[in-house]
Amino acid sequence: MKGDWEKVWEEARERPVALVDCRQEIPCNPCEEACRKGAIRVGEDLCSAPVYDPGRCDGCGRCVALCPGMAIFLLDRRGGDGQAEVTVPWEMCGEIVEGERIWAVDGKGKVLTEGKVVKIKWMGGRWPTRLVTIRIPEERALKVRGVRFRENSVGSSEEVDQEYDLPEDYPVCRCEDVSREEVLKFLKMGLRSLTALRRSSRVGLGYCQGIYCQEQLRKELGMVTRRSEEETGMFKVRPPVRPVKLGRLGGVNG
Amino acid sequence: MDTGQEGRMRLPEESCTLVAVGAGPAGLCAAREAAACGVRTTVLDENDKGGGQLIKQIHRFFGSREHGAGKRGFEIALELAEDCANAGAEIRLNHRVLGFFEDGRLLVEGDFIYVLEAKAVVLATGALERSFPFPGWTLPGVMGAGAAQTLVNVHGVLPGKRAVLVGSGNVGLIVAYQLLQAGMEVVGILEVEDRVGGYEVHESRVRREGVPIYLRHRLLAVEGLEGVEAVLAKDLEKGTVKRFHADTLCLAVGMIPQAELASMRGCRMVFVRELGGFIPWHDGDMRTDRPGVYVAGDAAGVEEASIAMDEGRLAGVAALEDLGALSPNEARKRKEELKRRLNLLRGGAAGRPRAMAKERLAAGWRHR
Ligand SMILES: Cc1cc2nc3c(=O)[nH]c(=O)nc-3n(C[C@H](O)[C@H](O)[C@H](O)COP(=O)(O)OP(=O)(O)OC[C@H]3O[C@@H](n4cnc5c(N)ncnc54)[C@H](O)[C@@H]3O)c2cc1C
Ligand code: SF4
Ligand code: SF4
């Protein structure tokens, strides 16, 4: 990969070239389909990482727009003035205009430098992607994976009391309002099956038909019975699987 | 409404050759195969649009050309629905299947409630978002990540201003990104494991936007009076508790195959952790242990849209073969090609455990 990027760096002196940053095994090959120059190959094995030859790339940008991982970028160092133009795919809804200043960030979201938007181009089918080209000092260029307007992330949190006590009286079954406490009480009484729990506590008998609570109950049961999920089984499913007005079953429309 | 001799109510009845339940990628592809072969085919879906999960996906999809890769999810949904209808299948939207009885008949609610009988039924009912109870989980503002995605991408409504996501799998990463696209702030993604669950490329996309991913953090509770005001999480490394100010909490902690209809029909259900939970047992051609009942897509194990499409096609071909509408030779050829593709799709590190689970199902899981 290192060698690849050196090659990209060199080729980018002559023309814009793609920088492909996709190393994982993902079942995906639109980059190969996009490239008319045969510069990117995934081959028969869909999950293999793309193999890229910068020597064949003409910098058309099609792969940048079509890559679902947004993992392809363009590098252009033709200016030769220590500045580089980097193109990234941009899918945010907001406005972005030429001339604007924006942060260039690496793959972890770290701000590398501030740059100027020099070109915006829509590409990639009926619902295209914006390709945003920014100008930045070239020594940062290989690291750029995106642009954003905020310098810092919005994440912020405060530490709270270490001994935070969790209440146990929250509902496990939201439809019938059965709390975890109650379920534990029935387990203590010796109930050992989903059906028994359902009959005695009404857990899982509500509107959602046990969709939300079933996994939790299976887990709680498994802990006391040491039975596997398959052994514990599922709630018996009865029609209707969706709520339906009785009148409609009786033939009344509406 | 017809009342029989003894004054008993009878529901209207209808019949058809092949029915696909669910108009997601799996159901649409199964139905297309069948209809293209001249078989009378009906697709039922409770939604008002065809495409299943895909109608709310605005990102470009992985896969290869046969799966519409590089296009956006909703674009693929439109194309699949069009292909299916063009092949001659009837797609009935706003039709909910309420029951699937042991005699093989379906109870359906459309404009009215009716009974539908079919020689072959492909269950392609997809998956449900997993949820789990914790203090505060019933407060408004707590929702599945997919529900948040439906709100912003289908209904054009923001669920709130500041969101915390739980789970860093592909769904969590993609939905975090789409909430940003819609104009929300994403305070962070909580992940209980020590590494990100989804693909690197999806992780990088959200990190570029400045969204922190908190590894080894466990969701404890949500605080608030009328709705979510703060999210509490435990830092499992340090043992401390953090409070995040947010008005929305999205759970992206996995999907559960939605296969109640198979269970009601009497199909043998097996628990396969790698595939998301209880699924109807099925062979390598997507046949369940009940004659004429097939399963495909997320209902047969939670995977990806591209896999759902090819599993749907496979179920369609198997049904055609069993109906005698395809020669064994032709069926074998098509099945081989689809299985080759499915193997490729499950070839990566993320797919291999699922490939092995499917193999185990096809090989020996049959008899208890
Ligand atoms: C946020 C998110 C992002 C994703 N991104 C990707 C991605 O990038 N690439 C990828 O390959 N996959 C992706 N997936 C997964 C993909 O969407 C699913 O694997 C795929 O849609 C499964 O198809 P399906 O046909 O099995 O089920 P679904 O698409 O879920 O369709 C099932 C259909 O059945 C209908 N139905 C269910 N029960 C009934 C009933 N009783 N009566 C009538 N109709 C019923 C439902 O209304 C639904 O339309 C994503 C999923 C999510 C949630
Ligand atoms: S930029 Fe164009 S020529 Fe270069 S790799 Fe991408 S698609 Fe091929
Ligand atoms: S299209 Fe993008 S994500 Fe897919 S294999 Fe190519 S580079 Fe990787």
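Now for a description of the structure that goes with this document.

Reading the values: the criteria
Residues numbered from 1 in each chain as written. Chains lettered and ligands numbered in written order. Predicted model: local features only at pLDDT ≥ 70, side-chain atom pairs only at ≥ 80, totals over all residues. Heavy atoms only, no water. Helix = DSSP H or I, 4+ residues; strand = E, 2+ residues; numbered from the N terminus. Rg over C-alpha atoms; globule rule 2.2 N^0.38 Å. Buried < 20%, exposed > 50% of the residue type's maximum accessible area, 1.4 Å probe, protein only. Contact = heavy atoms within 4.5 Å. Buried area = accessible area lost by both parts, 1.4 Å probe. Salt bridge = Lys/Arg side-chain N within 4 Å of Asp/Glu carboxyl O. Polar contact = N/O pair within 3.5 Å; in protein donor to acceptor, adjacent residues only side chain to side chain. Nonpolar A, V, L, I, M, F, W, Y, C, P; charged D, E, K, R; others polar. Axes fitted to C-alpha atoms, helices over the stretch in contact; angles between N-to-C directions. Parallel < 35°, antiparallel > 145°, perpendicular 65-115°, else oblique. Left-handed = near helix turned anticlockwise from the far one by under 90°. Near = heavy atom within 4 Å. Areas by Shrake-Rupley, 256 points an atom, 1.4 Å probe, with all protein chains shown as cover. Domains from an automatic or database assignment. Pairing = 2+ DSSP bridges.

## Some remarks on the overall build of chain A
Thought 1: The helix and strand tally for chain A stands at eight helices and 12 strands.
Thought 2: Its C-alpha atoms give chain A a radius of gyration of 28 Å, clearly above 18 Å, the size a compact globule of 254 residues would have.
Thought 3: Across its three principal directions, the C-alpha atoms of chain A cover 80 × 50 × 45 Å.
Thought 4: With 254 residues in all, chain A has 46% of them scored as buried.
Thought 5: Taking the intrachain contacts of chain A between residues at least 6 apart in sequence as the baseline, contacts between residues at least 24 apart amount to 58%.

## A closer look at the interface of chain B and chain A
Thought 1: With 88 residues of chain B in contact, the opposing surface of chain A contributes 79 residues.
Thought 2: On the chain B side of the interface with chain A, the three residues burying the most area are R60, W137 and R208 of chain B, jointly 11% of the side's total.
Thought 3: At the boundary of chain B with chain A, the tally comes to 10 salt bridges.
Thought 4: Summed over the shared surface of chain B and chain A, the result is 33 residue pairs in polar contact (both at pLDDT 80 or more).
Thought 5: Per-element accounting of the side of chain B that touches chain A gives the leading share, eight residues, to helix α5 (residues 200-208) of chain B.
Thought 6: Classifying every residue of the side of chain B that touches chain A by side-chain character gives 44 nonpolar, 18 polar and 26 charged.

## Looking at the packing of helix α4 (residues 170-182) of chain B against α5 of chain B
All names here are of chain B.
Thought 1: Two elements in contact, α4 and α5, have axes whose closest approach is 9 Å; the angle formed by their N-to-C orientations is 30°. In terms of orientation, α4 and α5 fall into the roughly parallel class. α4 and α5 meet at a crossing whose hand is left-handed. On the side of α4, the interface is formed by N170, L173, I174, A176 and Y177, while α5 contributes H202, E203, R205 and V206.
Thought 2: Looking at side-chain class alone, the contact of α4 with α5 contains five nonpolar, two polar and two charged residues.

## Considerations on the site of ligand 1
Thought 1: With respect to spatial proximity, 32 residues lie near ligand 1, and among them D45, Q53, H59, D298 and A305 of chain B are the closest.
Thought 2: Each of chains A and B places residues near ligand 1.
Thought 3: Residue D45 of chain B places a side-chain N or O atom 2.6 Å away from an oxygen atom belonging to ligand 1.
Thought 4: Expressed as a share of its isolated accessible area of 1,000 Å², the protein-covered part of ligand 1 is 94%.
Thought 5: Mapped onto the shell around ligand 1, the elements with two or more residues apiece are α1 (25-36), β6 (96-100), α4 and α7 (305-323) of chain B.
Thought 6: Of the residues contributing to the shell around ligand 1, the split by class is 11 nonpolar, 14 polar and seven charged.
Thought 7: Lining the shell around ligand 1 are residues from two domains, each supplying at least three of them: domain 1 (2-128 + 256-362) and domain 2 (131-253) of chain B.

## Comments concerning the packing of α1 of chain B against α7 of chain B
The description of two helices packed together rests on the angle between their axes and the distance between the axes.
Residue and element names in this part refer to chain B.
Thought 1: Between α1 and α7, the shortest axis-to-axis distance is 7 Å and the interhelical angle comes to 35°. Crossing geometry of α1 relative to α7 is assigned as right-handed. Across from P25, A26, C29, A30, E33 and A34 in α1, the residues of α7 making contact are A305, A308, M309, G312, R313, G316, V317 and L320.
Thought 2: Taken together, the residues that form the contact of α1 with α7 break down as 10 nonpolar, two polar and two charged.

## Here we look at the sheet that holds strand β1 (residues 17-20) of chain A
Residue and element names in this part refer to chain A.
Thought 1: If you trace the seven strands from one edge of the open sheet to the other, you get β1-β4-β5-β8-β7-β6-β9, paired in antiparallel fashion. For this open sheet the edge positions go to β1 and β9 (146-148), each flanked by a neighbour on one side alone. When the angles between neighbouring strand axes are averaged without regard to direction, this sheet yields 40°.
Thought 2: Two strands pair when backbone bridges link them, and strand β6 (residues 101-105) and strand β7 (residues 111-123) are joined in this way by five bridges, in the antiparallel orientation. The residue of β7 that forms the bridge with W103 is E114.

Interpretation in functional terms is not warranted from these geometric data alone.
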